[in-house]
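Read off the chains here:
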Amino acid sequence: MTNYLVLATLACYAASFGCYVRFLYAPTRAVGRAATFTLAGGLILHYFALIARSRVIHGVPYDDLAGSLSLFAWLLAATYLGLELVHRQKSVGAFVLPVVLVLFIFAHGFATPGSAAPPARGPMFALHVTLNILAYAAFALSFVASVIYLIQNRMLRGRRMGAVGWRFPALDALERLSRSSVGVGLIALAIGVTTGFVWAHRLLGRYWDGDWKVGVTLLIFAAYAAYLLLARTKTWRGARASALCVVNFVFVIFSYSIVNLYLSRFHRYL
Amino acid sequence: MELVLIGLNHRTATVELRERVAFSAEQARTAAEQLRARGILEETLVLSTCNRSELYGVPPETTADSAAAMELFLASFHQMRPDELGGSLYRHRDLDVVRHLYRVAAGLDSMLLGEAEILGQVREAYRIALDHGATGPVLNRMFQGALEVGKRVRSETEIGTRPVSVAFAGVKLAERIFGSLKNHSALILGAGDTGELVVTHLRDRGIGRLRVSNRSAERGRGLAARFAAEAVAWENVSAALEWPDMVVCSVASAEPVLTRAMVERAMHARGNRALLLIDLGVPRNVDPSVAALYNVYLYNIDDLQEIVEQNKRARADEIPRAEAIVGEHVDKFLSWQAGVNASVVLASLRERLAGEREAFLAARLGDLAHLPEADRARVARLLEEFLDQVLLDPVERLRGERELRRKLQNLEALRDLFRLDQGKP
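Residues numbered from 1 in each chain as written. Chains lettered and ligands numbered in written order. Predicted model: local features only at pLDDT ≥ 70, side-chain atom pairs only at ≥ 80, totals over all residues.

Undergrad: When you look at the overall build of chain A in this model, what are you seeing that I'm missing?
TA: Scanning chain A from terminus to terminus reveals eight helices and zero strands. Put simply, chain A runs from its N terminus to its C terminus through helices and strands in the order α-α-α-α-α-α-α-α. The C-alpha radius of gyration computed for chain A amounts to 19 Å, which stays within 12% of the reference 18 Å derived for 270 residues, consistent with globular compactness. Burial analysis of chain A (270 residues in total) assigns 43% to the buried set. Put simply, 80% of the contacts in chain A that link residues at least 6 apart link residues at least 24 apart. (Helix = DSSP H or I, 4+ residues; strand = E, 2+ residues; numbered from the N terminus. Rg over C-alpha atoms; globule rule 2.2 N^0.38 Å. Buried ≥ 20, exposed ≤ 12 C-beta atoms within 10 Å, placed from the backbone. Contact = placed C-beta atoms within 7 Å.)

This is the structure in structure tokens:
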């Protein structure tokens, strides 16, 4: 059953990616709708795949790297879909869906569900982890938008639009999308970190015991908050803010990989 | 079922000649009526644009040289001598007509490769002809196919996507930066021909606000009235730079109209909001060093021309894909046409066999006079059923199998074999 759900999800995401690419070439309403609907279908199937995976491992689906990546992919796709509906901007989908697909394939293609049941940790812990991954997904979306912004900006200033320049979304749309997704990420991270502190206090009797993950997460929060403040200022508006957003994402990758795998004591995967 | 086309276009005729043989909508309707009333064509459609005048038609089967009759009609309709048209006209028959029309609808035969207006013009010409009952099954099928080809070529290839005029390229660049222009604004300095075209495109794309400034205050007010824009006094241009998202310069001036210091001041005052400068002036109106300023996008006439050339090459690269779509739809039409022809032949064959059956029964049932009337009627019915059964399979296959219809394109052999034309005038 899990395999069927995974394959069906993969098919939906792949079809959605195809439609979004097609939309860049021929931005018709029918193609745009097909892209959005197949993405929504993929999200629903992916949700059930995550539930099925939880049942198999008798625990939450993010206790190992693969499960965490799958949730990351789901939240990235969900955040993108939400912002697409808000901004009515479909041309970024062609650049977000490949990231979703790679994360999903990596998560489900190489996953080896553990047999040992992880300790029960309660809903607050689940909320803490989900919101933090949602924040990372939103930051990933702003990273994609900022990279496209920088490429498009370079082409426009160099007066060389090339073959792809005419198909990219407008700079203005990319800037707004990036700011919105960072806004979503910061709210999710703020609540996620707060619930983490509360949960740690209940479990350990103190809010922070010097774990690397907490320090790096606070650094990420500060870096993205700075981006959001600077992005509308005279000096940083435009390409500089986008470059800052790209640099900030390096901290996210560092936190998600090196910190989780090697440095943290309480945030390691099982 | 023959198809004939005569016409002239930008490649075969001068603009003067094209003007003389152009049809207004009313003239197109009248010409179509006259062509049918005089028995020159059974179905007809007139397609007339600034670059082409074409008569499409299906002549009666008995007409020997319908193209010549159409040429004479075209000359007389426009009160010209036939020899004035002769060298400029092209003539196509049957599938060449279909291919020609599909290429026209796809924009492959246009002066500006892939231009979109022609599809609307084909649609309008077809609508007029259809409304007045000038078309029939053949032209209906052909023109519906043409509209489909036009839509497919524009959605499945990039032949019409990238701008190929300097003015439109400027506007498309603005959309690359600002997205929809509805909430954005432009300032127009001076008014050259290209500048006016830019304004037209900006209006078409729904620009939010438009201001105009000219060295001559009077001319500036005149331009503002013509463009439905606000006028800005020339001496206030420097201050006005703080406001627009896009500035189009087209001023006859030996010195730059916008200096680096002016733009620098404006960018400071506008909080470094992105500014697109389109410099259409020769000599240039904007100091080239302005391009180095943060969040300023400067394009001069050469930059735009280079973009246009790149886009033209990109459009030309799409020709094979567009031609493939045309070819696919020509095949579809051919298959449909073969199906119609085959149906006609089968109907004739059925009619002939029915006649043969009657003659056969009349001759042979005479020898069976001892049979009761009911049995004689039964024999007649059995023979009829037998003929129906013999014809059922080929008819069904012809309806269902496109490849078979293609193989049977030349049905004259079948007509000869069964002497289906015997007794026809």
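Back to the write-up after that little detour.
Undergrad: Would you mind showing me how to read the domain arrangement of chain A here?
TA: Often, the extent of an interface is quoted as the loss of accessible area on bringing the components together. All names here are of chain A. Domain parsing of chain A yields domain 1 (1–109) and domain 2 (121–270). Placing a centre on the C-alpha atoms of domain 1 and another on those of domain 2 gives a separation of 19 Å. Contact residues are listed per partner, giving 23 residues for domain 1 and 22 residues for domain 2. Put simply, the parts of the chain that give the side of domain 1 that touches domain 2 at least two residues each are helix 1 (2–25), helix 3 (65–87) and helix 4 (93–109). The element best represented in the side of domain 1 that touches domain 2 is helix 3, accounting for 11 residues. Grouping the constituent residues of the side of domain 1 that touches domain 2 by class yields 16 nonpolar, five polar and two charged. (Domains from an automatic or database assignment. Nonpolar A, V, L, I, M, F, W, Y, C, P; charged D, E, K, R; others polar.)

Undergrad: What's the story with the environment of Ile 118 of chain B in this structure? I'm lost.
TA: All names here are of chain B. Within the secondary structure layout, Ile 118 lies in helix 6 (residues 117–131). Judged by local crowding, Ile 118 falls into the buried class, with 23 C-beta atoms found within 10 Å. It is 29 Å that separates the C-alpha atoms of Ile 118 and Gly 39, two residues lying 79 residues apart in sequence.

Undergrad: So what exactly am I meant to see when it comes to the pairing of strand 9 (residues 275–279) of chain B here?
TA: A regular strand places its side chains on the two faces of the sheet in alternate fashion. Residue and element names in this part refer to chain B. Judged by how many residues are buried, strand 9 sits mostly within the fold: five of five residues are covered. Alternating positions in strand 9 separate into two faces, Leu 275, Leu 277 and Asp 279 on one and Leu 276 and Ile 278 on the other, with burial throughout. With four bridges connecting them, strand 8 (residues 246–250) and strand 9 associate as parallel partners. Looking at strand 9, one finds that Val 247 is bridged to Leu 277. (Pairing = 2+ DSSP bridges.)

Undergrad: What's the story with the interface of chain A and chain B in this structure? I'm lost.
TA: Each partner contributes to the interface: chain A provides 16 residues, whereas chain B provides 19 residues. Of all the secondary-structure elements, those providing two or more residues to the side of chain A that touches chain B are helix 5 (122–158) and helix 6 (171–204) of chain A. Here the side of chain A that touches chain B is composed, by residue class, of nine nonpolar, two polar and five charged.

Undergrad: For this particular structure, what's the right way to read the confidence of the model for chain A?
TA: Interpreting fine coordinate detail is not advised for predicted regions of low pLDDT. Looking at chain A, pLDDT values average 85 and 90% of them are 70 or higher. Confidence, expressed as mean pLDDT per element, reaches its minimum in chain A at helix 3 of chain A with 86 and its maximum at helix 7 (residues 212–230) of chain A with 92. (pLDDT = per-residue confidence, 0-100.)

Undergrad: What am I meant to see in the packing of helix 8 (residues 166–178) of chain B against helix 13 (residues 301–317) of chain B here?
TA: Geometry of a packed helix pair, given as the angle between the helix axes and the separation of the axes. All names here are of chain B. Running from N to C, helix 8 and helix 13 cross one another at 95°; their axes reach a closest spacing of 9 Å. When the axis of helix 8 is compared with that of helix 13, the two are roughly perpendicular. Contact residues: helix 8 offers Val 166, Ala 169 and Gly 170, while helix 13 offers Ile 301, Leu 304, Gln 305, Ile 307 and Val 308. (Axes fitted to C-alpha atoms, helices over the stretch in contact; angles between N-to-C directions. Parallel < 35°, antiparallel > 145°, perpendicular 65-115°, else oblique.)

Undergrad: Any chance you could explain the domain arrangement of chain B here in plain terms?
TA: Residues and elements named next belong to chain B. The domain boundaries assigned to chain B delineate domain 1 (4–159), domain 2 (166–313) and domain 3 (331–417). Summarising the inter-unit geometry, the C-alpha centres of domain 1 and domain 3 are found 38 Å apart. At the junction of the two partners, domain 1 supplies five residues and domain 3 supplies four residues. Secondary-structure elements contributing two or more residues to the side of domain 1 that touches domain 3 are helix 5 (95–106) and helix 7 (137–156). With three residues, the single largest contributor to the side of domain 1 that touches domain 3 is helix 7.

Undergrad: Teacher, can you tell me more about the sheet that holds strand 5 (residues 185–190) of chain B here?
TA: All names here are of chain B. Taken in spatial order, the six strands make up an open sheet running 7-6-5-8-9-10, and their pairing is parallel. Across the chains shown, the open sheet's two edge strands, defined by having one partner strand only, are strand 7 (230–231) and strand 10 (296–300). Across five bridges, strand 5 lies against strand 6 (residues 209–213) in parallel orientation. Bridging from a neighbouring strand, Leu 187 pairs with Arg 211 of strand 6. On the sheet, helix 10 (residues 217–227) packs against strand 6 and strand 7 and is oriented at approximately 155° with respect to strand 6.

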